[in-house]
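# Breakdown of the fold
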Amino acid sequence: MMNLTYDLHIHSCLSPCGDDDMTPANIVGMAALKGLDVIAVTDHNSCKNCPAVLHFAKEYGIVALPGMEVCTSEEVHAVCLFSDLDKAMEFDEYVYERLMAFPNNEEIFGKQQIYNKEDVLCGTVPNLLINSVDISFDQLWGLVRSYGGVMFPAHIDKPANSLLSNLGFVPPDSQFETAEVKDLTKLHELKKKNPYLEGCRIISNSDAHYLEDIHEPRLTIEAEEKSMDAVVRALLHR
């Protein structure tokens, strides 16, 4: 087993709320500069910048997991990560078909930019990615597992778009074994009010929308090896 420094919730310039400087090459370069072992770019309801991210990660010797931050039908945010890029892109198509078809207005919401493996702008996503999709939180675990991935609820301590803020509780039939907490000082109180979390691996990510917000290498996750498969397996079990 080995301890890997990580940041598994980062937004690129594909997310309308992501800074224009959050290109795949810049994200991976910053992660390498900070000394992270494992990262994941998880844009809102889309994996379309993941091919470029994985390309640059290989060049820098960083493990990058393809993923996205899904906004469920209850507007609960959940991070979905995969160990296979092709499966992630299949999941991307499935989710986009179930996204509310509301055109993006760049002047109001921001740009939704797709970059290629030369880190050059090659397209945009027409429909607004921050809307909810027609997938419930209860459905999401099994759906993501069917693509070989893992899901965990995002920033459960936030007052909006989180499992606890939007549903008010952890569904008793939940299957996730990892949960993301933004402020770890709240963890004791969260576990006290939600005993389900006692059996979870707790991680904390940056949810970065700007390069400087990507995490420093302070937190680690224990995995069998430094690989996409090993990190997904680690997140599947406490």
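Right above here is the structure, for reference.
Remember, predicted model here, so these are calculated numbers, not experimental data. (Residues numbered from 1 in each chain as written. Predicted model: local features only at pLDDT ≥ 70, side-chain atom pairs only at ≥ 80, totals over all residues. Heavy atoms only, no water.)

Across its full length, the chain carries eight helices and 10 strands. For 238 residues, the compact-globule estimate of 2.2 N^0.38 gives 18 Å, and the C-alpha radius of gyration of the chain, at 16 Å, lies within 12% of that figure. In the chain, which comprises 238 residues, the proportion classed as buried is 56%. For the chain, long-range pairs separated by at least 24 residues make up 72% of all intrachain contacts whose partners lie at least 6 apart in sequence. On the chain, roughly 10300 Å² of surface is accessible, and the fraction owed to carbon and sulfur atoms is 49%. (Helix = DSSP H or I, 4+ residues; strand = E, 2+ residues; numbered from the N terminus. Rg over C-alpha atoms; globule rule 2.2 N^0.38 Å. Buried < 20%, exposed > 50% of the residue type's maximum accessible area, 1.4 Å probe, protein only. Contact = heavy atoms within 4.5 Å. Areas by Shrake-Rupley, 256 points an atom, 1.4 Å probe, with all protein chains shown as cover.)

Enumeration over the complete set of coordinates arrives at seven salt bridges. Residues arginine 233 and glutamate 224 are paired through a salt bridge, measuring 2.8 Å at the closest nitrogen-oxygen approach. By relative accessible area, which is 36% here, arginine 233 ends up partly exposed. (Salt bridge = Lys/Arg side-chain N within 4 Å of Asp/Glu carboxyl O.)

When two helices pack together, their arrangement is given by the angle between the helix axes and by the axis-to-axis distance. For the pair helix 1 (residues 24–34) and helix 2 (residues 50–60), interaxial distance at closest approach is 8 Å and the crossing angle is 35 degrees. Where helix 1 crosses over helix 2, the two elements pack in a sense that is right-handed. Listed contacts from helix 2 to Pro24, Ala25, Val28, Gly29 and Ala32 of helix 1 are Ala52, Val53, Phe56, Ala57 and Tyr60. Grouping the constituent residues of the contact of helix 1 with helix 2 by class yields nine nonpolar, one polar and no charged. (Axes fitted to C-alpha atoms, helices over the stretch in contact; angles between N-to-C directions. Left-handed = near helix turned anticlockwise from the far one by under 90°. Nonpolar A, V, L, I, M, F, W, Y, C, P; charged D, E, K, R; others polar.)

Leu81, Phe91, Leu140 and Leu235 are the most contacted members of the largest nonpolar core, which totals 57 residues. The leading source of residues in this core is helix 8 (residues 228–236), at six residues. Other than its neighbours up to four places away in sequence, leucine 140 contacts Val70, Thr72, Ala78, Cys80, Phe91, Ile135 and Met151. Core analysis: the next-biggest nonpolar cluster, separate from the first, contains 19 residues, Ile27, Leu36, Val41 and Ala57 among them. (Core = buried A, V, L, I, M, F, W, Y, C linked by side-chain atoms within 4.5 Å.)

To continue, consider the pairing of strand 6 (residues 121–124). The pairing of strand 5 (residues 113–115) with strand 6 spans three bridges and is antiparallel. By the bridge assignment, glutamine 113 is partnered in strand 6 with threonine 124. Turn length for the strand 5-strand 6 hairpin, with the two strands adjacent in sequence and antiparallel, is five residues, and the turn residue aspartate 119 shows positive phi of about 60 degrees. (Pairing = 2+ DSSP bridges.)

Turning our eyes to something else, we now look at the sheet that holds strand 1 (residues 2–10). The mixed open sheet is built from six strands, whose spatial order is 7-4-3-2-1-10. Bordering the open sheet on either side are strand 7 (150–153) and strand 10 (220–223), each of which pairs with just one other strand. Going from strand to strand, the sheet's axes swing by 30 degrees on average, the running direction of each strand aside. With three bridges joining them, strand 1 and strand 2 (residues 38–44) adopt parallel strand pairing. Note on strand 2: the bridge partner recorded for tyrosine 6 is valine 38. The sheet contacts of helix 3 (residues 85–97) involve strand 3 (63–71) and strand 4 (77–81), and relative to strand 3 the element is tilted by about 15 degrees. Here helix 5 (residues 137–146) sits on the sheet and contacts strand 3, strand 4 and strand 7; the angle it forms with strand 7, its principal contact strand, is near 150 degrees.

Interpretation note: all reported values are geometric properties and have no functional meaning in isolation.
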